[in-house]
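Inside the fold
This is what each chain is made of:
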Amino acid sequence: MKEFSDVFEQQYSVALFNSVRFEIEGGGGTQSQLLHRKDPLAGRSIFSGSLFQYLEENRKWRSRFVSVPNSYTISLYESKTAHDRGLHPKVTINCAGYKALTSMEEYTELINTSLPGIKAKASSTPFIKCASQFPLILWHPYARHHYFCVMTEKEQNKWHAVLQDCVRHRNNGLPEDCTVQTPAFTDAVRLYRQTKGHYGTWDMMCGAPPQILANLVMETLQPELRSVIGPRLKGKLQQRQRDWMLISDAVYRQVLSQTTGQYDALVEGCEAQRAPLDARLRTDMDQIITSKEHVSSKIRALVLPKAEQLLQTSVQPYISSILEALMEPTSRGFSEVRDIFFKEMVDISKNSLNGAGKDKLGDHMERLSMLAFHPVKMQSCYEKVEQLNLEGLQQRFDVASPSVFISRAQILMREQMDNAVYTFMQLLQQSLETQGEDDMCKTMQRCQDRVLKKYDYDSSTVRKKFFRESLLQIIIPYMLQQLSPSCSPELPRFEELIFEDFSRFLLVENMFEEVVLQSVSKDIMMAVKDAALQRRHNLYRDSMILTNSDPNLHLLGENPQVDWATRFGGDEPEGSVGGGRVEGGGSGSRRRQVVSMIQLDGVPLPFESCPPGEPKSPDSVHGIRDLINPVVEMVLPVSQESPSDVSTRTEPTTGTVTMQDGLQEHVTHVTTVVEDFPRKSLRDKTSPQAILQQLVGSRKQEADKEHQEEAAIKNAIEEIEIAVQEDERERITEVSAADLDGESSLRPPLASDFSSRNDSGFQSQTNEGLDEDEPQPIPNGLNGEDKVIDPVEVEVVLA
């Protein structure tokens, strides 16, 4: 850390000089056509659900509720109830530097290389036994590994996409808007590694600066510890692998705690000196620039001849092949982004043409607004670029793996998708305000066409910049490694040409690298330009400008984001946790969720805190009560003669009821709930005792029939049809209750039943086969006459 601190302090002053110079001189790249929103995930969470986790402490699997907020940090709770109550999570995982695996074979291959001198058999099993066929493993070269599993392949695919997105986001931990601190840090890391002989790309440049520094320390420290501790580990191979993983994790956490504190102190010291350095730079900028150009010309005379020779013999022949290897998968990924955006727009237009209400349109727009951050929907885009292969070029140019370029391309794809979505929503909002909502479909079509044209232009610009930067990342370290042995010993003599007052801002090592970069930049620019001239992979020429670009479009970016669900009166999209609102219409504190909960047809979600093989049980008090004392809800007429006899109350009673499955259930009490509705006259009301007698009598009569359920449905439909024909003008009410599930006593209810059920799980036979949206007249079963009745909700609790 002391060596790195010296390098960082030097690079901080250089980065400050470059930032102030750029601010004074201006300049920059091509202005984007699409709008960009600053905080798209404000008030959102990414995902939540239940899966099984392997616990190292007792070597058992336990069910855990997992929450992924918009910070992409994975939090594991004992149960969903613990999460809803705001309790601290059991485990919090920062996924920077991890790999998300979906098979024990992948994990075994990685862990078998963790200890040197041990030749594990190809068929050797790891030290854990997965509880299902669908594992999910987070592997890290230094930190603790995390093991999960789910019960279906669909769940595994969804969770894998979420975990990959967490890794992708947390790896991208260096803020690009920090124009001084971030360049200073990246250059300091690169120069520090070069002093250790490492010139190529580095896979562990992942996470926030303290994490990257911890990885930098472990790169040297772990092999030393492994050579000392590895031979002393006892036990079987699996036990030694497990012990080494735990030891490495303990060391990594200790290193991370030290790098965090020391880096914070380092940045604080540099920031304290920023104000006086900034003032000096603005005063002497012209002189500093003149001095730099003078020294650079001297260095260029030394380095350029050697650089050009190396370029002609060892670099130029490979530029086109490297570029093609980058362009093919990257362009397919960006094309897939365009296709997914187009398909989403087509779906919205179809629903609009098919007469979907504005509430449905609001739901679609809400889902569209988070399309770029939906890991499952974006997975096909990410998979396209994962096919990037630099095999044959990695050894020549010291490229450890293409993962650095794959991750960067995926981040850019997500940004472009979000820019396209945000631009469309802002254009649509503007059009609706000026043209109204009469012809919604045509309005959306026009906005879509404008956005796609802008996306094609921005996609070309972003990809060309990505190709140039990637080529430089591959070629420059190779050239520096080849030129440093002959050029570095000559550099100290150029320090005498720099004024002492300017020595903090002008370093000969940086100017040497700039000369090397300038020597190869022309060839790289020409290679990318030729690809654009040939319109390969839909790249635009640099001179291509959109003639119909909107000069005032960027003013829309200053407008607040539109809440489409509120504008069109839509409900929260299905699967959202907590929603954006609470009952009563007030603003809620819980976040909307980007990805819906996993719910498979016919497969119940695992309940919290239940290992595989043990009986599953609900963690809701109401759910347990419903299992012990089932409740039948019915709507029955109120007697007209004695309306005061019925009120909202609970009365104990005795009796039995024959259920639809033929079982005899004891009735312990009847709860009567009277709902007041405006009526022209007082209607019949019936006492709870009469209601119970009627219910019991009808059940006993139907129990003797062979097809009791079908007969009840048929009779109810016939009586309803007769009632409708006799009196179509009478006001009516509908009977609402849930179907009795014949298997409800054999399986535990789903988790969703406890959180959002409004009925008890039973349904009156008189309501089966009816349209829930149309009210129907109910025949009075006591006297055979068809009457309009008041609804009275009755809960019959069964012992």
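Residues numbered from 1 in each chain as written. Predicted model: local features only at pLDDT ≥ 70, side-chain atom pairs only at ≥ 80, totals over all residues. Heavy atoms only, no water.

1. Looking at the overall build of the protein
From N to C terminus, the protein includes 19 helices and 15 strands. With 799 residues in all, the protein has 47% of them scored as buried. Across the protein, every contact between residues at least 6 apart in sequence was considered, and the portion connecting residues at least 24 apart equals 77%. Carbon and sulfur atoms make up 49% of the accessible area of the protein, which totals about 40,100 Å². (Helix = DSSP H or I, 4+ residues; strand = E, 2+ residues; numbered from the N terminus. Buried < 20%, exposed > 50% of the residue type's maximum accessible area, 1.4 Å probe, protein only. Contact = heavy atoms within 4.5 Å. Areas by Shrake-Rupley, 256 points an atom, 1.4 Å probe, with all protein chains shown as cover.)

2. Details of unusual backbone geometry
The backbone phi angle of R59 is positive, close to 55°, even though this residue is not glycine. With respect to the helices and strands, R59 occurs in the loop between β1 (44-55) and β2 (60-69). Judged by its relative accessible area of 46%, R59 falls in the partly exposed class. The phi angle at Y72 is positive, at roughly 65°, despite the residue not being glycine. As for its placement among the helices and strands, Y72 is situated in the loop between β2 and β3 (74-77).

3. Here's the deal with the environment of F424
With respect to the element layout, F424 can be found in helix α11 (residues 403-435). Taking the C-alpha atoms as reference points, F424 and D449, 25 residues apart in sequence, are found 9.5 Å from one another. Excluding residues within four positions of it along the chain, F424 makes contact with F341, M345, M365, L368, M444, C447, Q448 and V451.

4. Structural notes on the packing of aromatic side chains
Following the criterion strictly, the structure yields 15 aromatic pairs and no others. Note that R168 overlies the ring of Y382, its terminal NZ or CZ placed 3.8 Å from the centroid. A cation over a ring is seen here: R463 above F334, with NZ or CZ 6.0 Å from the ring centre. (Phe/Tyr/Trp six-rings, centres within 6.5 Å; stacked < 30°, edge-to-face > 60°. Lys NZ or Arg CZ within 6 Å of the ring centre and 35° of its normal.)

5. A look at the nonpolar core
By size, the foremost hydrophobic cluster in this structure holds 149 residues, and its most contacted members are F8, I74, I299, V303, F424 and M479. Among the elements that line this core, the one with the most residues is helix α8 (residues 274-353), at 24 residues. Discounting chain neighbours no more than four positions away, the residues touching M479 are A307, L310, L311, V315, V516, S519 and V520. (Core = buried A, V, L, I, M, F, W, Y, C linked by side-chain atoms within 4.5 Å.)

6. Describing the pattern of salt bridges
Going through the model one piece at a time under the given rule, you end up with 26 salt bridges. Across the pair K80 and D84 runs a salt bridge whose closest N-O atoms are separated by 3.0 Å. With K80 and D84 both in helix α2 (residues 80-84) and 4 residues apart, this pair spans about one turn of that helix. Residue D84 is classed as partly exposed on the basis of its relative accessible area, which comes to 40%. Measuring nitrogen to oxygen at the nearest pair gives 2.9 Å for the salt bridge that ties E176 to R408. Placement of the pair is E176 in the loop between α4 (153-171) and α5 (181-195) and R408 in helix α11, with a sequence separation of 232 residues. In the salt-bridge network here, residues are joined through shared partners; they are E23, D278 and R282. (Salt bridge = Lys/Arg side-chain N within 4 Å of Asp/Glu carboxyl O.)

7. Some details on the packing of helix α1 (residues 2-25) against helix α7 (residues 237-272)
Between α1 and α7, the shortest axis-to-axis distance is 11 Å and the interhelical angle comes to 30°. As summarised for this structure, α1 and α7 are arranged roughly parallel, according to the angle between their axes. Relative to α7, the crossing made by α1 is right-handed. Note on element contacts: α7 touches α1 through Y263, L266, V267, C270 and E271, opposite F4, S5, F8, E9 and Y12. Tallied by class, the residues present in the contact of α1 with α7 amount to 7 nonpolar, 1 polar and 2 charged. (Axes fitted to C-alpha atoms, helices over the stretch in contact; angles between N-to-C directions. Parallel < 35°, antiparallel > 145°, perpendicular 65-115°, else oblique. Left-handed = near helix turned anticlockwise from the far one by under 90°. Nonpolar A, V, L, I, M, F, W, Y, C, P; charged D, E, K, R; others polar.)

8. Some points on the pairing of strand β6 (residues 134-139)
Judged by how many residues are buried, β6 sits mostly within the fold: 6 of 6 residues are covered. A two-sided burial pattern is seen for β6, the buried positions comprising F134, L136 and L138 on one face and P135, I137 and W139 on the other. Judged from the 3 bridges that link them, strand β5 (residues 99-101) and β6 form a sheet pairing that is antiparallel. Within β6, the position partnered with A100 by the bridge is L138. Here 5 bridges tie β6 to strand β7 (residues 146-150), and the two strands are oriented antiparallel to one another. What sits directly across from I137, in β7, is Y147. (Pairing = 2+ DSSP bridges.)

9. Some thoughts on the environment of C95
Residue placement: C95 occurs in the loop between β4 (91-93) and β5. For C95, a relative accessible area of 0% puts it in the buried group. When residues no more than four places from it in sequence are discounted, the contact partners of C95 are I74, L138, C166, V167, R170 and N171.

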